[in-house]
Amino acid sequence: ADAFRTAMAALPTPPPSQPPHWPYWQKNMQVMAQSRPPETFWEWPAVRHTMTVDHFPMGHQLLELQSSADWRRWEAALAHAENEHHAKNLINQAFCLKRYEDVVGVKVEQLRSVYEFGAGYGAMRHLIARLGFEGEYFVTDLKEFEILQRWWLGTHGLEVTHVPGPVHADLMIGGPPCQPFSQL
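Scoring rules and cut-offs
- Residues numbered from 1 in each chain as written.
- Predicted model: local features only at pLDDT ≥ 70, side-chain atom pairs only at ≥ 80, totals over all residues.
- Heavy atoms only, no water.
- Helix = DSSP H or I, 4+ residues; strand = E, 2+ residues; numbered from the N terminus.
- Rg over C-alpha atoms; globule rule 2.2 N^0.38 Å.
- Buried < 20%, exposed > 50% of the residue type's maximum accessible area, 1.4 Å probe, protein only.
- Contact = heavy atoms within 4.5 Å.
- Areas by Shrake-Rupley, 256 points an atom, 1.4 Å probe, with all protein chains shown as cover.
- Core = buried A, V, L, I, M, F, W, Y, C linked by side-chain atoms within 4.5 Å.
- Phe/Tyr/Trp six-rings, centres within 6.5 Å; stacked < 30°, edge-to-face > 60°.
- Lys NZ or Arg CZ within 6 Å of the ring centre and 35° of its normal.
- Salt bridge = Lys/Arg side-chain N within 4 Å of Asp/Glu carboxyl O.

Draft legend 1. Inspection of the overall build of the chain at higher detail. When helices and strands are counted, the chain shows 8 helices and 5 strands. The order of α-helices and β-strands along the chain, N terminus first, is α-α-α-α-α-α-β-α-β-α-β-β-β. Against the compact-globule benchmark of 16 Å for 184 residues, the chain has a radius of gyration of 16 Å, which places it among compact chains. Its C-alpha atoms give the chain principal-axis dimensions of about 50 × 35 × 30 Å. When burial is assessed residue by residue, the chain has 48% of its 184 residues classed as buried. Relative to all contacts within the chain whose residues are 6 or more apart in sequence, the contacts with residues 24 or more apart total 64%. With an accessible surface of roughly 9200 Å², the chain has 57% of that area assigned to carbon and sulfur atoms.

Shown next, in the form of C-alpha cells:
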C-alpha cells in the first residue's frame with residue numbers, strides 16, 4: 001500500500017478538468033490514493049465510472065455463457081470474484097471473449113500474446129490468466145491506472161508489461177466495456 005501511495009504521489013498533477021474527461025479521473029485516482037487504502041479502490045469514483053459495468057444488466061451475457069458447451073470452463077474462470085463489481089466485469093469480459101473465440105476458433109489460452117489498450121484495474125488480464133493464458137500481456141494506459149494494475153494484479157501474482165503504444169499481439173483488446181477488436 002505504501003508503494004502504491006508513493007507511486008501515485010510522484011505523478012504530475014493533471015490539468016483541471018470535469019468528467020467525463022480523463023484528466024479529471026486521473027486527478028481523482030491521485031486524490032483517492034492519498035486518502036484511502038488501495039483495497040477500497042472499487043468504490044473510488046474513477047473506478048466506478050470508468051471501469052465497472054454496474055450500469056447495465058448482465059443476465060443475457062451470463063445466460064449465453066451458461067448455455068455454452070464449455071460452460072464449466074467459464075464457470076471456473078468466473079468463480080471467486082472479489083465482489084459484485086468484479087463479478088459483473090468478469091461476466092462481461094467472459095461474454096466478449098467467448099464471442100471472440102466462437103468467431104475466430106481459437107481459445108485465449110492458445111494465444112502467445114495479448115495487447116490491451118486501457119486495461120482499467122486489470123480484470124481482463126485476471127480473467128485470461130484464469131482461463132490458462134500463459135503468454136505475454138501488454139498494456140497501454142494512463143500512469144494512474146498502470147499503478148493500480150501493477151498493485152491489484154500483483155496481489156494475484158500476475159504481471160503486465162506496460163508499453164507506450166500498440167505492439168504486435170495475437171489478440172488486441174481496446175475500449176470499454178471489453179471489445180476484442182482483432183486477431184493479427
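Having put the structure on the table, let's press on.
Draft legend 2. Quick look at the nonpolar core. In terms of nonpolar packing, the biggest core is built from 48 residues, with F41, L97, Y137 and L148 touching the most fellow members. Broken down by element, the residue count for this core peaks at 6 residues, all from helix 8 (residues 143-154). Residues within four places of L148 in sequence aside, it is in contact with F4, M29, F41, V47, M51 and Y121. Core analysis: the second largest hydrophobic core is formed by 5 residues, Y115, F138, V163 and M172 among them.

Draft legend 3. Structural context of the packing of aromatic side chains. One pass over the full model with this rule turns up 11 aromatic pairs. Here F4 and W44 contribute two aromatic rings whose centre-to-centre distance is 6.1 Å and whose plane-to-plane angle is 45°, an arrangement assigned as tilted. Of the two residues, F4 is situated in helix 1 (residues 2-9) and W44 in the loop between helix 2 (22-35) and helix 3 (45-50); the sequence distance between them amounts to 40 residues. For the residue pair F4 and W44, the accessibility class agrees, reading buried in each case. Their ring planes at 50° and their centres at 5.5 Å tell us that F41 and Y121 sit as a pair that is tilted. In this pair, F41 sits in the loop between helix 2 and helix 3 while Y121 sits in the loop between strand 1 (113-117) and helix 7 (123-130), placing the two residues 80 residues apart along the sequence. An identical accessibility class is assigned to F41 and Y121; each is buried. Members of the aromatic cluster, each reached through a chain of ring pairs, are F4, F41, W42, W44, Y121, W151 and W152. Positioned above the aromatic ring of W74 is the side chain of R73, whose terminal nitrogen or guanidinium carbon lies 4.6 Å from the ring centre.

Draft legend 4. Region of interest: the pattern of salt bridges. For the structure shown, the criterion picks out 14 salt bridges. When the shortest N-O distance is used, the salt bridge between R99 and E64 registers 3.0 Å. Residue R99 is found in helix 6 (residues 84-104), and its partner E64 is found in helix 4 (residues 59-66); the two are separated by 35 residues along the sequence. Judged by its relative accessible area of 43%, R99 is partly exposed. For E64, a relative accessible area of 26% translates into the label partly exposed. We note a salt bridge from D170 to R112, for which the minimum N-O separation is 3.2 Å. Placement of the pair is D170 in the loop between strand 3 (161-162) and strand 4 (171-174) and R112 in the loop between helix 6 and strand 1, with a sequence separation of 58 residues. Given the relative accessible area of 7%, D170 is considered buried.

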